[in-house]
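Here is how the chains run, residue by residue.
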Amino acid sequence: MTPEPEPELREALLAAVPSLRAFAISLSGQVDRADDLVQDTLLRALSNLHRFEPGTNLNAWLFTILRNLFHSEYRKRRREVEDPDGSYAGRLKVQPEQGSHLDFEDFRSALAQLPADQREALLLVGASGFSYEEAANICECAVGTIKSRVNRARIRLASLLNVDDIEDLGPDSMTRAALQG
Amino acid sequence: MTVDKGNKLARASLDNSSSSQLATDPKLDSGSQKRIGDQLRAMYDELMQQPVPDRFKDLLDQLDKKNGGKEGSQ
């Protein structure tokens, strides 16, 4: 009766771990918490194997589980901690360094300032390689909603990172303009 | 000579949208969009390349072995 994880399935689950971790870390902003999330995801997946339809996208299924766990835990924490703002961004806040090089910290902190629904939509579509349709399934919303969230996330990131502010690009803007023109 | 100045243009096009673009849902110009996408993927790739922590291998190994007895309660 109990579905047993077969060797291929074990390999498939293991193979999914790096992308699950990347998603969880980007979603939560914390490696420890992300690893707990991934572990809970694997455990839940294993105990719900009977619900997985062979032949469908295993990764999408796992991402759905992880996302649901993240949100239920998030809601729980918000209730427990006196932190009505759910200050994910606050925890993650890094001292803004005015370095000229591309720094992932800057990007991460900008990402952290996005509303959660926009962040996850952008991560699913822009980084994890899911289609808009798959992302919509994972987030249980309409495709148009995902598109709109991804779009708004990009615009917000561009403004946070000054990507769209030509004045801030300095001399380099000439080069960029030339390259783009 | 209204061309060039990629980013300024993009913003301007939000205002006087001579195109059929919906005014309610502005889009980022493709240059900015590409830069955002590149940074996102670069950050993500770095995370993806981290080695898988042993705890996950151990977890799957364990479940592999003791499966069958454990979850039979349903």
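Fair warning: this is a prediction, and the values are worked out from it, not measured in the lab. (Residues numbered from 1 in each chain as written. Chains lettered and ligands numbered in written order. Predicted model: local features only at pLDDT ≥ 70, side-chain atom pairs only at ≥ 80, totals over all residues. Heavy atoms only, no water.)

1. Section: the overall build of chain A
Summing up its helical and strand segments, chain A has nine helices and zero strands in all. Along chain A, helices (α) and strands (β) appear in the sequence α-α-α-α-α-α-α-α-α when read from the amino end. Of the roughly 9500 Å² of accessible surface on chain A, a fraction of 49% belongs to carbon and sulfur atoms. (Helix = DSSP H or I, 4+ residues; strand = E, 2+ residues; numbered from the N terminus. Areas by Shrake-Rupley, 256 points an atom, 1.4 Å probe, with all protein chains shown as cover.)

2. Structural notes on the overall build of chain B
Scanning chain B from terminus to terminus reveals three helices and zero strands. When the helices and strands of chain B are listed from N to C terminus, the series reads α-α-α. Counting only residues that meet the buried cut, chain B has 28% of its 74 residues in that class. Entry remark: accessible area of chain B is about 5100 Å², with carbon and sulfur atoms responsible for 52%. (Buried < 20%, exposed > 50% of the residue type's maximum accessible area, 1.4 Å probe, protein only.)

3. A closer look at the pattern of salt bridges
Inspection of the entire model under this criterion finds eleven salt bridges over all chains. We note a salt bridge from A:Glu73 to A:Arg33, for which the minimum N-O separation is 3.0 Å. Of this pair, A:Glu73 sits in helix α3 (residues 58-80) while A:Arg33 is found in helix α2 (residues 31-47), placing the two residues 40 residues apart along the sequence. Of the residues examined, A:Glu73 reaches a relative accessible area of 21% and is grouped as partly exposed. Linked by salt bridges that have partners in common, A:Arg10, A:Glu11 and B:Asp61 make up one network. (Salt bridge = Lys/Arg side-chain N within 4 Å of Asp/Glu carboxyl O.)

4. A closer look at the packing of helix α7 (residues 132-139) of chain A against helix α8 (residues 143-160) of chain A
Residues and elements named next belong to chain A. In contact at an axis separation of 8 Å, α7 and α8 are set at 100° when each is read in the N-to-C sense. Comparing their axes, α8 and α7 come out roughly perpendicular. The segment α7 lies against α8, with Tyr-132, Glu-133, Ala-135, Ala-136 and Cys-139 engaging Val-143, Ile-146, Lys-147, Val-150 and Arg-154. Residue composition of the contact of α7 with α8, by class: seven nonpolar, no polar and three charged. (Axes fitted to C-alpha atoms, helices over the stretch in contact; angles between N-to-C directions. Parallel < 35°, antiparallel > 145°, perpendicular 65-115°, else oblique. Contact = heavy atoms within 4.5 Å. Nonpolar A, V, L, I, M, F, W, Y, C, P; charged D, E, K, R; others polar.)

5. What to know about the side chain of A:Asn48
Mapped onto the elements of the fold, A:Asn48 is located in the loop between α2 and α3. A polar contact is formed between the side chain of A:Asn48 and the backbone oxygen of A:Arg44, at a distance of 2.8 Å. (Polar contact = N/O pair within 3.5 Å; in protein donor to acceptor, adjacent residues only side chain to side chain.)

6. Observations regarding the state of the cysteines
Inspection of the entire model under this criterion finds zero disulfides over all chains. Here A:Cys139 is not cross-linked by a disulfide; its sulfur's nearest cysteine counterpart is in A:Cys141, at 5.2 Å. (Disulfide = S-S within 2.5 Å.)

7. Topic: helix α1 (residues 7-28) of chain A
All names here are of chain A. If you check α1, its first and last C-alpha atoms are 31 Å apart, about what 22 residues at 1.5 Å a residue would give, namely 32 Å. By the largest-angle criterion, Val-17 marks the main kink of α1, which is about 35°, and a proline, Pro-18, follows within four residues. Buried residues dominate α1, accounting for 17 of its 22 residues. One or two steps after α1, the chain reaches Gly-29, where phi turns positive at roughly 80°. (Expected span 1.5 Å × (residues − 1). Bend = angle between axes of the 7 residues up to and from the residue.)

8. Examining the confidence of the model for chain B
Residue and element names in this part refer to chain B. Per-chain confidence: chain B averages 69 in pLDDT, with 50% of residues scoring 70 or above. Of all secondary-structure elements in chain B, the lowest mean pLDDT belongs to helix α1 (residues 6-15), at 45, while helix α2 (residues 30-48) reaches the highest, 91. Below a pLDDT of 50 lies the segment residues 2-23, which in the model reaches 21 contacts outside its immediate sequence neighbourhood of four places, other chains included. Here residues 68-74 is a poorly scored stretch, pLDDT under 50, and it has seven contacts once near neighbours within four places are set aside; other chains count. (pLDDT = per-residue confidence, 0-100.)

9. Some details on the confidence of the model for chain A
All names here are of chain A. Summary statistics for chain A give a mean pLDDT of 81 and a share of 73% for residues scoring 70 or more. When mean pLDDT is compared element by element in chain A, α7 scores highest at 97, while helix α4 (residues 88-92) scores lowest at 49. Considering only residues more than four positions removed or in separate chains, one finds that residues 89-102, a stretch of pLDDT under 50, has twelve contacts. Confidence over residues 166-170 falls short of pLDDT 50; this stretch has ten contacts with residues more than four positions distant or in other chains.

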